Amino acid sequence: MTSSSSFLCFSLCFLVFSHGAFAQLFGFGGQSAWQSSRSFAGPRGCRFDRLDALNPTQRLRFEAGTVEYYDVYNEILQCAGVSARRTIIEPRGLFLPQYNNAPSLLYIIQGRGIKGITFPGCPETFQSFQPESEQILTGTAESQSQQRIRDEHQKVHRFKQGDIVALSAGVTYWCYNDGDVPLVAIQIFDISNTANQLEPRQRSFFLAGRHLSGQQTYEMGPESYETGPQAYDIERQAYDVGRQTYGAGVQPIGMAPLRGNNVFNGFDTQLLAEALGVNVELARQLQAQNDPRGEIVFVHEGLRMLMPLRSQEIQQQEFEESMQAQQQFGESWQGPYNVTVNGLDENFCTLKIRANIDRPSRADYYNQRVGRIARVDSQKLPILNLVQMSATRVVLQRNAMITPYWSMNCHCGMYVTQGQGRVQVVNHQGRTVFDGTVRQGQFLLIPQNFAVLKRADRLQGFHWVTFNTNQNAMINQIAGKLSTFKGMPLQVLMHSYRLSIEQARRLKFSRRNEFKLFTPRSPRTLVQDQ
């Protein structure tokens, strides 16, 4: 009886401790959408008086791809505490293992690939074995069992166009393009997240490869703002011409000298060899002192590894998405202000790292004439509780509008994937801090609480993805369903804007049947509404 009571007491204590540990790790149960794990980004004198639609200003060209950085010295990005870069990986290109000082989200603009993320303490669940004919028949049983394993590693993940991929700070990751077209991805870092205890600047720590000043190119021109295979060929030709004209050692315009080695380079070779249990020659090779390829390299014969067949992964993904849809509307869902997740079932090692927000079937709001909106937050992708970021995908048809709104609890970084549109941003003084056209490939930072109005181009439409610095981003829309105007009494609108009862009613109910996305209206329709 005593042993049973002791076991029951121990079990209860373990459950309480486990729940608290997972809640602390992922923010479950204790952190709402109103809370943030971000520290103050910039100095107290930081102001958002003027916003700009940014193009990449710095480019690093490697053997099998390119990394383009949006101005790392831009005052607005520093104030918001975010950093942005765009990566292009050629077919059969391998993005070498690295880790970063801040959490980030990636959006796959084009292509497909394989990503590996090595979580500390998680088991190597993917194993391959030698055929019986290849096993050594002599020796002890222990040695035979060791030789039977050909390779083992942690889970690898397939991704494709339209996927959002979450990366935690300090976690090692690599990427390989197994497709037929260049892989293009935009990555946003939240450098003001409390996970970053270094300086407020994005830092990459390389486990392989190295930077050379000769791998840098000149300041980017407008022709490289586009994406896609054709634009990528133009960029590669421009790079080759620049190399032939200026040489490998010429310093590019607007960039400081960049020379960097991987982390192994700083260790004593003899000491490193002893620590890793290898010879000195192999340890010296890890330091990559004579490796000119950079951080994206060619795998000429293709990368081979253990992973399920693509058809099996598609079936598994469809099953997970159906289960996810059921959970969103099941008993475990508690609305946008709280997240209920069983930490014992969904542990650190098995969390999903990606979600697709590009397919129309995944849209949270869809209107055939206007467009669609899809968002991914911590309720759909629980790892975002750790990353403390979320994303929204918006597709506007030609000339359509999105309701005027402001973000309640985060900054929003807007990256245009296709087309163009007019964007206006207004600060707390009612002054316009941005009024212009944002085009494909440009990045616009919209500060928290600043009012925004967006309209798609008449000919091209307007597609973008927004990166939010909160795992459960909330917006307050001004007009339409569930809006600020709709929630106010008519008398308040009348006296606030000196309107008649008819004008107040028109203001409140003009867009009453539309939610977030508005259909374009002709001047004749507007006159009739008067």
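Computed from a predicted structure; not experimentally measured.

Caption draft 1: Summary view of helix α9 (residues 490-497). Of the residues making up α9, those classed as buried are Leu490, Leu493 and Met494. All buried residues of α9 fall inside an arc of 100 degrees around its axis, so they share one side. Phi turns positive one or two residues past the end of α9, at Arg498, with a value near 55 degrees.

Caption draft 2: Region of interest: the confidence of the model for the chain. On average, residues of the chain score 77 in pLDDT, and 67% of them reach the 70 mark or higher. In this model residues 14-30 is a low-confidence stretch, pLDDT under 50, and it forms 22 contacts with partners more than four residues away in sequence or in other chains.

Caption draft 3: Representation of helix α5 (residues 269-276) within the structure. Restricting attention to buried positions, one finds in α5 the residues Thr269, Leu272 and Ala273. The arc that holds the buried residues of α5, viewed along the axis, is 100 degrees, so those residues lie on one side. Opposite the buried face of α5, at more than 90 degrees from it, the exposed residues are Gln270, Leu271, Glu274 and Ala275. Elements that come into contact with the buried residues of α5 comprise α6 (280-286). Where α5 begins, the side chain of Asp268 points an oxygen toward the backbone nitrogen of Gln270, at a separation of 3.1 Å. Immediately beyond the C-terminal end of α5, within one or two residues, lies Gly277, with a positive phi of roughly 70 degrees.

Caption draft 4: View of the pattern of salt bridges. All chains considered together, the criterion is met by 16 salt bridges. Residue Arg431 pairs with Asp49 through a salt bridge whose shortest N-O separation is 3.7 Å. Here Arg431 is found in the loop between β22 (412-426) and β23 (432-439), whereas its partner Asp49 is found in the loop between α1 (2-26) and β1 (56-62), with 382 residues between them in sequence. Judged by relative accessible area, which is 37%, Arg431 ranks as partly exposed. For Arg158, the salt bridge identified is with Asp178, shortest N-O distance 3.0 Å. With Arg158 in strand β9 (residues 156-160) and Asp178 in the loop between β11 (172-176) and β12 (183-190), this residue pair connects regions lying 20 residues apart in the sequence. A network of salt bridges, in which partner residues are shared, links Arg47, Asp49 and Arg431.

Caption draft 5: Structural context of unusual backbone geometry. Located in the positive-phi region is Gln388, a residue other than glycine, with phi close to 65 degrees. With respect to the helices and strands, Gln388 occurs in the loop between α8 (384-387) and β20 (390-396). Here Leu482, not a glycine, exhibits a phi torsion of approximately 55 degrees, which is positive. For Leu482, the location among the structural elements is in the loop between β27 (475-477) and α9.

Caption draft 6: Structural context of the sheet that holds strand β10 (residues 163-167). If you trace the 7 strands from one edge of the open sheet to the other, you get β1-β2-β3-β12-β5-β10-β17, paired in antiparallel fashion. Strand pairing shows two members of the sheet lacking a second neighbour, β1 and β17 (354-356), which therefore form its edges. Ignoring strand direction, the axes of neighbouring strands in this sheet form an average angle of 20 degrees. The pairing of strand β5 (residues 104-110) with β12 spans 6 bridges and is antiparallel. The residue of β12 that forms the bridge with Tyr107 is Ile186.

Caption draft 7: Looking closely at the pairing of β12. Among the 8 residues of β12, 8 are classified as buried, and the element is accordingly described as predominantly covered. Neither face of β12 is exposed, since Leu183, Ala185, Gln187 and Phe189 on one face and Val184, Ile186, Ile188 and Asp190 on the opposite face are all buried. Strand direction decides the pairing type here: strand β3 (residues 82-89) and β12, joined by 8 bridges, are antiparallel. Its bridge partner being in β12, Ile88 is matched across the sheet by Val184.

The rules behind these values
The residue numbering used here restarts from 1 in each chain and proceeds along that chain's sequence as written. Two thresholds apply to this predicted model, a pLDDT of at least 70 for residue-level local features and 80 or more for giving and counting side-chain atom pairs, whereas whole-chain, interface and lining totals are computed over all residues. Values shown for side chains rest on all heavy atoms present in the structure; no hydrogens or waters enter the calculation. Exposure classes here rest on a 1.4 Å probe applied to the protein chains alone. A residue is buried below 20% of its type maximum, exposed above 50%, and partly exposed in between. Helix numbering and strand numbering both begin at the N terminus, where a helix is a DSSP run of H or I of at least 4 residues and a strand a DSSP run of E of at least 2. An arc is given here, and it is the one of the directions from the helix axis to the C-beta atoms. Within a predicted model, pLDDT stands for the predictor's per-residue confidence, ranging from 0 to 100. Throughout, a contact is declared for two residues whenever any of their heavy atoms are within 4.5 Å. N or O atoms closer than or at 3.5 Å make up a polar contact, with two conditions inside protein: a donor-capable atom paired with an acceptor-capable one, and, for residues adjacent in sequence, both atoms drawn from side chains. Should a side-chain nitrogen of Lys or Arg be within 4 Å of a carboxyl oxygen of Asp or Glu, the pair is scored as a salt bridge. Strands are treated as partners if at least two bridges between them are detected by DSSP. Axis angles are defined between N-to-C directions and span 0 to 180 degrees, where every axis is a line fitted to C-alpha atoms and, for a helix, only to the segment in contact.

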